Amino acid sequence: MTSTDRYAVFGHPIKHSKSPRIHTIFAEQTGQTLVYSAQDVPAEHFQAAVAQFFAGGGKGLNCTVPLKELAWAYADAKTERAHTAKAVNTLALQADGSVLGDNTDGIGLVTDLTVNHGVTLARCRILILGAGGASRGIITPILEQSPTTIVIANRTIAKAIDLAVEFQGKGCIEGCGFDDLKSKQFDLIINATSSSLSGQLPPLPDELLAQNGVCYDLAYSNEATVFVRWGQEKQAQKSLDGLGMLVEQAAEAFFIWRGIRPET
Ligand code: ATR
């Protein structure tokens with residue numbers, strides 16, 4: 001008996017996840033037969049839940065907050081971008097029964113910026129706000145676009161410096177605090193702090209965004225986030241939230257699992 005291929009997103013909380021809807025649309029669009037569900041999995045149940053999912057015939061998983069580091073540790077093998085991100089958002093069952101871990105977040109961001117919004121990252125001065133897991137996940141794919149510089153600014157300065165040091169040698173990258181941003185200007189500012197959804201904004205100088213600069217919030221919400229509004233106030237050429245990145249990271253995961261690229 002052949003059963004329908006099963007996929008799922010694990011996270012905690014997971015109720016508001018858009019992933020089941022996105023993947024169901026991708027499957028319809030590409031004529032693929034699969035089911036994709038959302039499962040609330042607290043960190044302490046992660047290992048058992050993943051093992052059970054794959055033992056029960058599951059083919060692939062997305063993992064979201066707070067499970068990406070656990071997924072990284074779970075994977076038998078990892079792609080280079082997942083390895084440097086130290087986080088995995090996509091697990092794929094391989095033919096030999098092993099589980100491959102990948103991270104499609106960064107490439108999702110780059111695709112949304114460059115393909116969907118026509119933003120050129122080469123020779124771009126880029127500021128990343130925040131030095132947590134979300135920042136780490138996007139650095140390698142951005143560096144591959146050859147920006148002039150990446151500055152990581154964080155409330156806890158040491159974390160920004162440590163993160164930058166990890167990627168030194170792969171491009172021009174430095175870490176600093178928010179106070180060090182005075183008199184600096186950037187063509188692209190990416191908000192990767194977790195403060196946006198609680199309506200808080202790091203302290204940012206008025207002149208931080210260059211003329212025709214672009215703002216991108218990794219978070220998304222039904223209304224404009226506080227950072228998207230900041231970009232609009234500063235006359236950003238575009239001030240975007242992370243919905244496009246969500247769809248693009250899903251498309252990349254779909255490609256890993258099914259070998260076919262959906263129209264995003
Ligand atoms: P994630 O995986 O979403 O990146 P994280 O690893 O907990 O989550 O990192 C959260 C990031 O948002 C950190 O850079 C954090 O700054 P600190 O390292 O100083 O804690 C940043 N952040 C959270 N709340 C913030 C706030 N109110 N103002 C500025 N930065 C904030």
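In this text, all values refer to a predicted model and were calculated from it rather than measured experimentally.

(A) The packing of helix 6 (residues 133-143) against helix 7 (residues 157-167), seen in detail. The contact between helix 6 and helix 7 brings their axes to 11 Å, and the two run at 35°. Like other packed secondary-structure pairs, helix 6 and helix 7 cross with a definite hand, here right-handed. Taken together, the residues of helix 7 that come into contact with helix 6 (itself represented by Ser135, Arg136, Ile139, Thr140 and Leu143) are Leu163, Glu166 and Phe167. A breakdown of the residues in the contact of helix 6 with helix 7 according to their chemical character gives four nonpolar, two polar and two charged.

(B) Inspection of helix 5 (residues 105-116) at higher detail. The terminal C-alpha atoms of helix 5, which comprises 12 residues, lie 15 Å apart, in line with the 16 Å expected from a rise of 1.5 Å per residue. When helix 5 is considered as a whole, its buried residues turn out to be Asp105, Gly106, Gly108, Leu109, Val110, Asp112 and Leu113. Tucked into the core, helix 5 has its buried residues touching helix 3 (68-74), helix 6, strand 10 (186-191), strand 11 (209-217), strand 12 (238-240) and helix 9 (243-258). One or two steps after helix 5, the chain reaches Gly118, where phi turns positive at roughly 65°.

(C) Just the site of the ligand, in detail. What surrounds the ligand is a group of 13 residues, the closest being Ala131, Asn154, Arg155, Thr156 and Lys159. Interatomic distance of 2.7 Å between a side-chain N/O atom of Asn154 and an oxygen atom of the ligand. In this structure, Arg155 approaches the ligand through a side-chain N or O atom, which is 2.9 Å from an oxygen atom. Burial of the ligand by the surrounding chains reaches 71%, relative to a free accessible area of 640 Å².

(D) Quick peek at a nonpolar patch on the surface. Among the surface-exposed residues, Ile157, Ile161 and Val165 lie close enough to one another that they form a single nonpolar patch of about 240 Å² accessible area. Residue class for Ile157 comes out partly exposed when judged on its relative accessible area of 39%.

(E) Examining the pattern of salt bridges more closely. Inspection of every chain in the model, using the stated rule, returns 10 salt bridges. Among the salt bridges present, the one from Arg258 reaches Asp5, with a minimum N-O distance of 2.8 Å. A residue pair is termed long-range when its members are at least 10 positions apart, and Arg258 in helix 9 and Asp5 in strand 1 (residues 5-11) qualify at 253 residues. Residue Lys234 is joined to Asp206 by a salt bridge in which the shortest nitrogen-to-oxygen separation is 3.2 Å. Note that Lys234 is positioned in the loop between helix 8 (226-233) and strand 12 and Asp206 in the loop between strand 10 and strand 11, a separation of 28 residues in sequence. A single salt-bridge network, built from bridges that share partners, covers Arg81, Asp102, Glu252 and Arg261.

(F) How the structure looks around the sheet that holds strand 6 (residues 99-102). Here we have six strands laid out as an open sheet, ordered 2-1-3-5-6-4, and mixed in their pairing. Looking at the sheet topology across the chains shown, the edges are occupied by strand 2 (34-40) and strand 4 (77-78). The pairing of strand 5 (residues 90-93) with strand 6 spans four bridges and is classified as antiparallel. Its bridge partner lying in strand 6, Leu91 is registered against Gly101.

(G) Looking closely at the side chain of Asn62. Mapping Asn62 onto the fold places it in strand 3 (residues 58-63). Exposure remark for Asn62: the relative accessible area of 4% places this residue in the buried category.

(H) Just the packing of aromatic side chains, in detail. Within the structure shown, the criterion is met by seven aromatic pairs. Taking 5.8 Å as the distance between ring centres and 75° as the angle between the ring planes, the aromatic pair formed by Phe10 and Phe53 counts as edge-to-face. Separated by 43 residues along the polypeptide, Phe10 in strand 1 and Phe53 in helix 2 (residues 46-55) bring together distant segments of the chain. Consider the rings of Phe26 and Phe254, whose centres lie 5.7 Å apart with planes at 75°: the pair is edge-to-face. Linking Phe26 in helix 1 (residues 19-30) with Phe254 in helix 9, this pair joins segments that are 228 residues apart in sequence.

What counts and what doesn't
- Residues numbered from 1 in each chain as written.
- Predicted model: local features only at pLDDT ≥ 70, side-chain atom pairs only at ≥ 80, totals over all residues.
- Heavy atoms only, no water.
- Axes fitted to C-alpha atoms, helices over the stretch in contact; angles between N-to-C directions.
- Helix = DSSP H or I, 4+ residues; strand = E, 2+ residues; numbered from the N terminus.
- Left-handed = near helix turned anticlockwise from the far one by under 90°.
- Contact = heavy atoms within 4.5 Å.
- Nonpolar A, V, L, I, M, F, W, Y, C, P; charged D, E, K, R; others polar.
- Expected span 1.5 Å × (residues − 1).
- Buried < 20%, exposed > 50% of the residue type's maximum accessible area, 1.4 Å probe, protein only.
- Near = heavy atom within 4 Å.
- Polar contact = N/O pair within 3.5 Å; in protein donor to acceptor, adjacent residues only side chain to side chain.
- Areas by Shrake-Rupley, 256 points an atom, 1.4 Å probe, with all protein chains shown as cover.
- Patch = residues over 30% accessible without salt bridge, like charges linked within 9 Å, V, L, I, M, F, W, Y side chains within 5 Å.
- Salt bridge = Lys/Arg side-chain N within 4 Å of Asp/Glu carboxyl O.
- Pairing = 2+ DSSP bridges.
- Phe/Tyr/Trp six-rings, centres within 6.5 Å; stacked < 30°, edge-to-face > 60°.

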